[in-house]
Amino acid sequence: MVGKMPEQGIDMDLLVVGGGLNGLPFAIAVADAGMRVLVLEREEPTHLVDATFDGRVSAIAHASRNLLRSCGVWEHVKAKEPMLDIRITDGPSKFFLHYDHRQLGDEPFGHMVENRHLREALYRRAAEIPTLTIMAPAEYKTVTRDAAGVTAELAGGERVTARLLVAADGRNSPLRKLAGIKTVGWSYDQMGVVCTIAHEIPHHGVAQERFLKLGPFAILPMTGNRSSLVWTEPTDRAKVIMALPDAEFHREMAKRFGDYLGELKVVGPRWSYPLTLHQSERYVDQRLALIGDAAHGMHPIAGQGLNLGLRDVAALAEVVIDAARLGQDIGGATVLEDYQRWRRFDSIVLLAITDGLNRLFTNDIPPIRLARDLGLAAVNKMPKLKGFFMEHARGTVGKMPRLLRGEAL
């Protein structure tokens, strides 16, 4: 429990279901601006920050870092590694695309942060805000929404009322299903194998995205002489790789990794995650807004999944706070439509781009392979076009909410 224990019946401005990497930033942003917020999280917080819970490392783009800094979270992140350069290669091809942060200024493209460290920082910041309460582990039994507001009966017997319900409850979002909101999507029949690699030679903040025949192989800089490996393979092959003894797993990994960072060692456990795409047909319903994976899910090929969710966070927080300051109903249809109009098209575009990239770079037909290699080489020699793609990597393209620009709500 973070914050004051709710009474048997409690009235809030917002009820957020899901205290993860989208739900908590949103709750912190609006509570810091004066809203009364209750977050329900089904997992025990100590479990969420344990090293064995989630081996993933997130790329926090420059704009997302601005959001976390504006909300007072970034100062609590105890381990973060700047991503200074990005190098993109296509298998054995000699052509490549190189992004150098110095071409845009002094700031890195972003930072690599272990998910558990980000969760720790979010909980620390949440504890500093008196109008924010987190109940965990906690679940609702029933939720009703009508023109008057939201009412939730919790598993512990508490009754909560609010003006807006925010679903941050993941890609299989029960709240989305209860609202009858359908999704469009598919499985890639791929899995991402994730582990941490210790290496002899420093990475110097360089992220590698290698497009191999069967899927991307990403090497992402972590603190110390460590990198996070996100290794994509077809599902059947990924299951075989996950089951390999340590020595054989290391051998297969090292063949793809190469020796540019010297001697390698897998540290810690391995994880695997199925890769899918989904897009909700709408992001809002009566007094309900979807954010993050509840609204959309994408292939990790560009490392933008969390950043896409944080764009939702920033946009919804802005329209809610602006509406509150104007004396409007924060859960009203006009406010929610403003959020949906802002976010849905942007999400569709990014999902389409990442889906297209995955299909393009896993196609080994010789003319297509030649065309994409020439394309990489061409972009690398076109400063304006490359600059546009680098701004995308920083998350600084399009209509940006105030928090992503580093401004207060």
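Residues numbered from 1 in each chain as written. Predicted model: local features only at pLDDT ≥ 70, side-chain atom pairs only at ≥ 80, totals over all residues. Heavy atoms only, no water.

Topic: the overall build of the protein
As a reminder of what qualifies: Here a helix means four or more residues in a row that DSSP labels H or I, a strand means two or more in a row labelled E, and each is numbered from the N terminus. Exposure categories follow from relative accessible area, calculated using a 1.4 Å probe and restricted to protein chains: below 20% of the type maximum is buried, above 50% is exposed, and the middle band is partly exposed. For every accessible area listed, the method is Shrake-Rupley and the probe measures 1.4 Å; residues are considered covered only by the protein chains on display.
Counting its secondary structure elements, the protein contains 11 helices and 21 strands. Looking at the protein as a whole, 55% of its 409 residues qualify as buried. On the protein, roughly 17,500 Å² of surface is accessible, and the fraction owed to carbon and sulfur atoms is 56%.

Side note on unusual backbone geometry
With an omega of -5°, the peptide bond running from Ala-136 to Pro-137 counts as cis. Of note, the phi angle at His-204 is positive, near 55°, even though the residue is not glycine. As for its placement among the helices and strands, His-204 is situated in the loop between strand 14 (183-199) and strand 15 (206-212). Assessed through its relative accessible area of 59%, His-204 is described here as exposed. Even without being glycine, Arg-287 reaches a positive phi, approximately 55°. Looking at the element boundaries, Arg-287 is found in the loop between strand 19 (284-285) and strand 20 (288-290).

Description of the pairing of strand 9 (residues 132-135)
Heads up, the rule is: Following DSSP output, two strands are said to pair if at least two bridges run between them.
With burial as the criterion, each face of strand 9 is covered, one bearing Leu-132 and Ile-134 and the other bearing Thr-133 and Met-135. Pairing geometry for strand 3 (residues 37-40) and strand 9, over 4 bridges, is parallel. Residue pairing for strand 9: Leu-40 is matched across the bridge by Met-135.

Notes on the pairing of strand 15
Both faces of the sheet carry side chains from a regular strand, because those side chains alternate between them. Burial of strand 15 is extensive: 5 of the 7 residues sit out of reach of the surface. For strand 6 (residues 85-90) and strand 15, the ladder comprises 6 bridges, and the chain directions are parallel. From the neighbouring strand, Ile-88 faces strand 15, where its bridge partner is Glu-209. Two elements, strand 15 and strand 16 (residues 215-222), share 5 bridges in a ladder whose sense is antiparallel. Opposite Glu-209, over in strand 16, you have Ala-218 as the bridge partner. In textbook terms, the turn of a hairpin is the stretch between consecutive antiparallel strands, and for strand 15 and strand 16 this stretch comprises 2 residues.

Here's the deal with the packing of aromatic side chains
Where two aromatic rings form a pair, the distance of their centres and the angle of their planes describe that pair. As a reminder, the rule being used: A pair of Phe, Tyr and Trp rings is counted when the ring centres sit within 6.5 Å of each other, with Trp represented by its six-membered ring. The angle between the planes then sorts it: under 30 degrees is stacked, over 60 is edge-to-face, the rest tilted. In this scheme, Lys NZ or Arg CZ marks a charge over a ring once it lies within 6 Å of the ring centre and within 35 degrees of the ring normal.
Scanning the model with the defined rule gives 4 aromatic pairs in all. Ring centres of Trp-231 and Phe-249 lie 5.6 Å apart, and the angle between their planes is 45°; on these two criteria the pair is classed as tilted. Here Trp-231, found in strand 17 (residues 226-234), pairs with Phe-249, found in helix 7 (residues 246-257); they are 18 residues apart in sequence, far enough to count as distant. Residue Trp-231 is classed as buried on the basis of its relative accessible area of 1%. Judged by relative accessible area, which is 1%, Phe-249 ranks as buried. Among the aromatic residues, those joined into a cluster by ring pairs are Phe-217, Trp-231 and Phe-249. Arg-270 extends its terminal NZ or CZ atom over the ring of Phe-249, reaching a point 4.1 Å from the ring centre. In this structure, Lys-399 is placed above the aromatic ring of Trp-342, and the distance from its NZ or CZ to the ring centre is 4.5 Å.

What to know about the pattern of salt bridges
To be explicit about the condition: Any carboxyl oxygen of Asp or Glu that lies within 4 Å of a side-chain nitrogen of Lys or Arg is treated as forming a salt bridge with it.
What the rule picks out here adds up to 28 salt bridges. A salt bridge links Arg-125 to Glu-128; the shortest N-O distance between them is 2.9 Å. Overall, Arg-125 belongs to the buried group, its relative accessible area being 11%. Note that Arg-270 is salt-bridged to Asp-246, the shortest N-O span being 2.9 Å. On the criterion of sequence distance, the pair formed by Arg-270 in strand 18 (residues 264-280) and Asp-246 in helix 7 is long-range, its members being 24 residues apart. Given a relative accessible area of 17%, Arg-270 falls into the buried group. Among the residues examined, Asp-246 registers a relative accessible area of 61% and is labelled exposed. It is possible to trace a salt-bridge network through shared partners that takes in Glu-233, Arg-237, Glu-252, Lys-255 and Arg-256.

Structural notes on helix 4 (residues 115-126)
The condition is simple: What a helix should span is 1.5 Å times the count of its residues minus one.
Spanning 12 residues, helix 4 covers 16 Å between terminal C-alpha atoms, matching the ideal 16 Å at 1.5 Å per step. All buried positions along helix 4 are accounted for by Asn-115, His-117, Leu-118, Arg-119, Glu-120, Ala-121, Leu-122, Tyr-123, Arg-125 and Ala-126.

Examining the sheet that holds strand 4 (residues 57-61)
Stated formally: Only the stretch in contact is used when fitting a helix axis, every axis being a line fitted to C-alpha atoms; angles between N-to-C directions are given from 0 to 180 degrees.
If you trace the 3 strands from one edge of the open sheet to the other, you get 4-8-5, paired in antiparallel fashion. Where the open sheet ends on each side, the last strands, each with one partner, are strand 4 and strand 5 (81-83). For this sheet the average axis-to-axis angle between neighbouring strands, irrespective of direction, equals 35°. Relative to strand 8 (residues 110-114), strand 4 runs antiparallel, the two sharing 5 bridges.

Brief notes about the environment of Pro-137
For clarity, the cut-off: Between two residues, a contact is recorded if the distance between any of their heavy atoms is within 4.5 Å.
Within the element layout of this structure, Pro-137 appears in the loop between strand 9 and strand 10 (140-146). Note on Pro-137: relative accessible area 48%, which makes it partly exposed. The contacts of Pro-137, once residues within four sequence positions are left out, are Glu-41, Arg-42, Glu-43 and Glu-44.

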